[in-house]
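Here is what each chain is made of, one letter per residue.
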Amino acid sequence: MLTFAIRRVLGMIPTLLLISLVCFVVIQLQPGSFIDQYLEDPRVTRETVQSITRQLGLDQPLWVQYLTWIKGIVTQGDFGYSFVNGRPVSSLIWERLGWTVFLALLTLLVSWAVAIPLGIYTALNRHGVGATVMNFLGYVSLATPDFLVALLLIALVLGTGGTNVGGLFSPEFIDAPWSWARVADLLAHLWIPMIAIGLEGVASLMRQMRASVLDVINQDYVRTARSKGLSGRAVLWRHAVRNAINPLISLAGLSLPALISGTIIASIVLNLPTIGPFLYDSLLNKDQYVAMTLLLFSAVLLLVGNLLADLALAWADPRIRFE
Amino acid sequence: MSSSVLKRSAFVLLSLALAGGALAAPKKVTGYGSLGVVNGKAGGTYTLVLGDSPQSLNYYGVIDNNLGLVAQQMFDGLVEFNYATYKIEPALAESWTISPDGKVYTFKLRQGVKWSDGQDFNADDVVFTYKNIIMNPEARAGDAGNFKLDGKAIEVRKVDATTVQFTLPRAAPAFLLQQRYFIMPQHKLAKFSQDGGAKAAEINTAWPSNVAPSEVVGTGPFKLTGYTTGQKVTLAKNTNYWKVDAAGTKLPYLNTLEFLVIRDPQAQVAQFLAGNLDQLNISGAQFPDLKQKEVAGAPFKVIRSTALFGSPPFVAYNFDAKDAVLSKLFSDVRFRRAMQGAVNRERIIDTVYNGLAGLPGHGVAPANKAFYTNTTRQLGTFDLAATNKALDALGLTRKNAAGVRLLSNGRPLEFDLTYGTDSSVYPAMATILQSDFAKVGVKVNLKGILSSKLLSTGQSGDWEMILHAFGDQPDPELRRPIWQPGGALYYWHRTLQPAQDGGAPNMARMASWEKDIYTIFNQAAVTPSASARKALYTRWQLLFAQNLPVTPIAKPENIGAVNNKFGNYVYNLGVIPGYNPVPLIFQK
């Protein structure tokens, strides 16, 4: 298994190089340049624009810009610097990573915890009233964009006289040291993003789980287990669910890149300090090294997610081997 | 003895006592009764909003409005505006003299001013800031271009510890107004400067957004105490600040000033309604909703103010339109005057601005007491019959089956109106213009683009009629690139612009009134006498009103909403160096 993992990791290197080149080309193909916003600003003289272009190395040929960037990453772990912030890209991403990972993992956990039982329930009680209602709600939440849910929740809170209408903390707690009061404040704010971002995930996971369970419960081995006289509960959990969950493990692996780009609009509407809006801004401003690094990072997450999913699948499903 | 004399002698005694009491000379902020300013009390936290995280904390290192809003609270310039009259007043410079030929400006600095870390402020800081930062061509938000007149450099030098002198190659009466540049601390920034042995461009790397707050030192009312990326910037009262109120209480009143980072305008309003923001500048479109809530008893006030700053929208016709017949028509003043009669200003003010706008001036805001000339009569009235008659008189009498007038070449009089689609005012305004122009046989096709592209589209010349807005300024000299024919932003007549930056404009193509305006601006730029300048700019406004290089539409009011907990709110448009009434705000 170790050799398998190492082989896979080594295999990622050429893929990532290719992806970095594609990212660079895509950013360059985008019309305009970082300098444009200065050209349009009546306060800035043409001389200043020229000196900024020179300072940023934007007067260099494109291939030089690309090779310098790659060389920095490989030799020094330096991902370039942000034109907008005048700071190394890695430190800027690092600053925003904490809350992003926290929110993403939490929504992932919560949506799994809610969706899996619901999926099993709706599969086993296909024609019951409860399942029909659940399915209907699932369709509605799949169809409603997350930012709209966020706006509706904000309006709801405002309408009832609440003050937690976005962000993760009340103003006085944003830079306060950790305390129970701060945790309570965080929890009071957290439910809105949880629902807004998690709802869509719950709905789609629930549908997936329902489909796989339906698939599995009619299989021979489930019938065999039943005929051996195992209790219904044991059949369900040990045989049906364990097999039905396989496709969801792959799905979980694929959802890692959503860390970066999954919730841009909801993050803007809900004012969450995550990486999504940062990527959006860097693309708008053509802050090229930030955008390229984030896209590359997203690709790495996808590859890592796939690897983890494969490892998890192998653990969950004895039929899968590494040969 | 009358009571006013009594008061005056008491005042004299008091100022004598103050002057004798200490070497430090704080500035007394008085005389704003007309703005509703009263003596406040110390304490409290005031929360404002930023549209995004500041990109750095070095005002001259990045061009960033969000940083500007924060920097305005941490730094001061040599001079500043009076909040009511927009006249220039002493700030870090306590007084100044201008030589009779208008070339030498000598600033006497305020004594006893300290930086927020307790170090003394002196002439070295001023000279350092101008030489190494403002005049540094590599500083991204520096202003080196403004320190060359006719290609010759302005010189700055220290006379003694409290005196700084600027020597100009020629007279430039607007120079004083410009010296609102924030002064930076030499003892903190020298290591990033050329004086400190660094490269010229290195000044841009000073004070990045993850700098230790104690490094960011200023003379302003507040100092940085915390910055949480993407969420909040916190400032605390600078106890060394050099202003006091009428009762002698030290300013600012507030203990803490917070800026929450909220990107979405709707989310900003939601946070304001929830009481998490204490003040928010809003648009005319958001006004009715908030005003309704105020009337229903919400704990805030929505305040309208006719401020000098802010952008009045105008329509311009492209004198150099690609279609030669249109170009000739647009260059004809009779056409522009005729079409002004089809601009329904009243309706636009009522429906687009919800009544929150007034009639515009011509290049100068009506609130500008120093320069505004009343040109309301030249705006004319909305009169379609008169417009029809005037267009007939131009020879545009034939019409096609659809009722559109025909040009001399037989084609219909039809052109594009370029406007910003993502604005709360332009789309509605464009529709009103289109429908009224249609009534006089002029067909307008709406062409929407992003508002941020209006200026570049204008300058590209690829348009026929455009709806756009430029800001008003206290002194027309500061808007010379816009209003002087041949200026870099005089884009409705681009063929006048010089072939090279700083070259002479194309005088041969100027209409005679354009030549007059050109000369007026050149004269006013070097005329030291205030009354003579005012007379020159009065002539310019009248020429503008009669010849309509652009047709101004309205002057929007500025609207702010503020929590009732706070007193002394004076509308603050945004980043206007030298205009910062926040130190007067207090918690009731």
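Residues numbered from 1 in each chain as written. Chains lettered and ligands numbered in written order. Predicted model: local features only at pLDDT ≥ 70, side-chain atom pairs only at ≥ 80, totals over all residues. Heavy atoms only, no water.

A.B. asks: I would appreciate a short explanation of the overall build of chain A in the present structure.
C.D. replies: The number of helices and strands found in chain A is 15 helices and zero strands. Burial analysis of chain A (323 residues in total) assigns 46% to the buried set. Within chain A, contacts between residues at least 6 apart in sequence are counted, and of these 72% link residues at least 24 apart. Of the roughly 16,600 Å² of accessible surface on chain A, 68% is carried by carbon and sulfur atoms. A distance of 15 Å separates the average location of the 21 positive side-chain charges in chain A from that of its 19 negative side-chain charges. (Helix = DSSP H or I, 4+ residues; strand = E, 2+ residues; numbered from the N terminus. Buried < 20%, exposed > 50% of the residue type's maximum accessible area, 1.4 Å probe, protein only. Contact = heavy atoms within 4.5 Å. Areas by Shrake-Rupley, 256 points an atom, 1.4 Å probe, with all protein chains shown as cover. Lys, Arg positive; Asp, Glu negative; His and termini not counted. Charge placed at Lys NZ, Arg CZ, Asp CG, Glu CD.)

A.B. asks: Explain the confidence of the model for chain B to me, please; I cannot follow it from the model alone.
C.D. replies: Close inspection of predicted coordinates is inappropriate for parts of the model with low pLDDT. All names here are of chain B. Looking at chain B as a whole, its pLDDT mean stands at 89, while 96% of the residues score no less than 70. With pLDDT under 50 throughout, residues 1-22 is counted as low confidence; its partners more than four residues away or in other chains account for three contacts. Predicted as a complex, the structure gets a pTM of 0.85 and an ipTM equal to 0.85. (pLDDT = per-residue confidence, 0-100.)

A.B. asks: Explain the side chain of Thr 53 of chain A to me, please; I cannot follow it from the model alone.
C.D. replies: Checked against the element boundaries, Thr 53 of chain A lands in helix α3 (residues 46-56). Residue Thr 53 of chain A is classed as buried on the basis of its relative accessible area, which comes to 18%.

A.B. asks: Looking at this model, I keep getting lost on the environment of Asn 563 of chain B. Mind explaining?
C.D. replies: Residue and element names in this part refer to chain B. For Asn 563, the position within the fold is in strand β24 (residues 558-563). Along the primary structure Asn 563 and Tyr 46 are separated by 517 residues, whereas in three dimensions their C-alpha atoms are 9.6 Å apart. When residues no more than four places from it in sequence are discounted, the contact partners of Asn 563 are Phe 272, Asp 278, Pro 299 and Phe 300.

A.B. asks: What's the story with the packing of aromatic side chains in this structure? I'm lost.
C.D. replies: Aromatic ring pairs: the centre-centre distance and the angle between the two ring planes describe each pair. By the definition in use, this model includes 54 aromatic pairs over all chains. With a centroid separation of 5.0 Å and 65° between ring planes, the pair formed by Tyr 491 of chain B and Trp 492 of chain B is classed as edge-to-face. A relative accessible area of 0% places Tyr 491 of chain B in the buried class. Positioned over the ring face of Phe 278 of chain A is Arg 96 of chain A, at 4.0 Å from the centre of the ring. In this arrangement the basic side chain of Arg 182 of chain A is found over the ring face of Trp 178 of chain A, its NZ or CZ atom lying 4.3 Å from the centre. (Phe/Tyr/Trp six-rings, centres within 6.5 Å; stacked < 30°, edge-to-face > 60°. Lys NZ or Arg CZ within 6 Å of the ring centre and 35° of its normal.)

A.B. asks: Is there a simple way to explain the environment of Ile 553 of chain B in this structure?
C.D. replies: Residues and elements named next belong to chain B. Summarising the element assignment, Ile 553 is placed in the loop between β22 (551-552) and β23 (555-556). Assessed through its relative accessible area of 0%, Ile 553 is described here as buried. Measuring from C-alpha to C-alpha, the distance between Ile 553 and Arg 345 comes to 6.1 Å, with 208 residues separating the pair along the chain. Excluding anything up to four places from it in sequence, Ile 553 contacts Pro 313, Phe 314, Val 315, Val 343, Arg 345, Ile 348, Pro 360, Met 429, Leu 433 and Leu 467.

A.B. asks: How do you make sense of the environment of Val 70 of chain B when you look at a structure like this?
C.D. replies: All names here are of chain B. Tracing the sequence through the fold places Val 70 in helix α2 (residues 65-71). Along the sequence, Val 70 and Leu 149 sit 79 residues apart, while their C-alpha atoms lie 31 Å from each other. When residues no more than four places from it in sequence are discounted, the contact partners of Val 70 are Leu 50, Pro 54, Val 233, Leu 235 and Phe 259.

A.B. asks: Help me understand the sheet that holds β24 of chain B in this model?
C.D. replies: Adjacent strands of a sheet form backbone hydrogen bonds with each other and so pair up, either parallel or antiparallel. All names here are of chain B. An order of β15-β24-β16 is seen for the three strands of this open sheet, with the pairing classed as antiparallel. Taken across any chain shown, the strands that pair with only one partner, and hence form the sheet edges, are β15 (279-282) and β16 (300-305). Taking the axes of each pair of neighbouring strands and ignoring which way they run, one obtains an average angle of 20° across the sheet. Note: β15 against β24, four bridges, orientation antiparallel. Bridging across to β24, Gln 279 finds its partner in Val 562. The strands touched by helix α6 (residues 265-273) are β15, β16 and β24; relative to β15, the strand with the most contacts, the crossing angle is about 140°. Across the sheet, helix α7 (residues 287-295) touches β15, β16 and β24, and the angle it forms with β16 is around 135°. (Pairing = 2+ DSSP bridges. Axes fitted to C-alpha atoms, helices over the stretch in contact; angles between N-to-C directions.)

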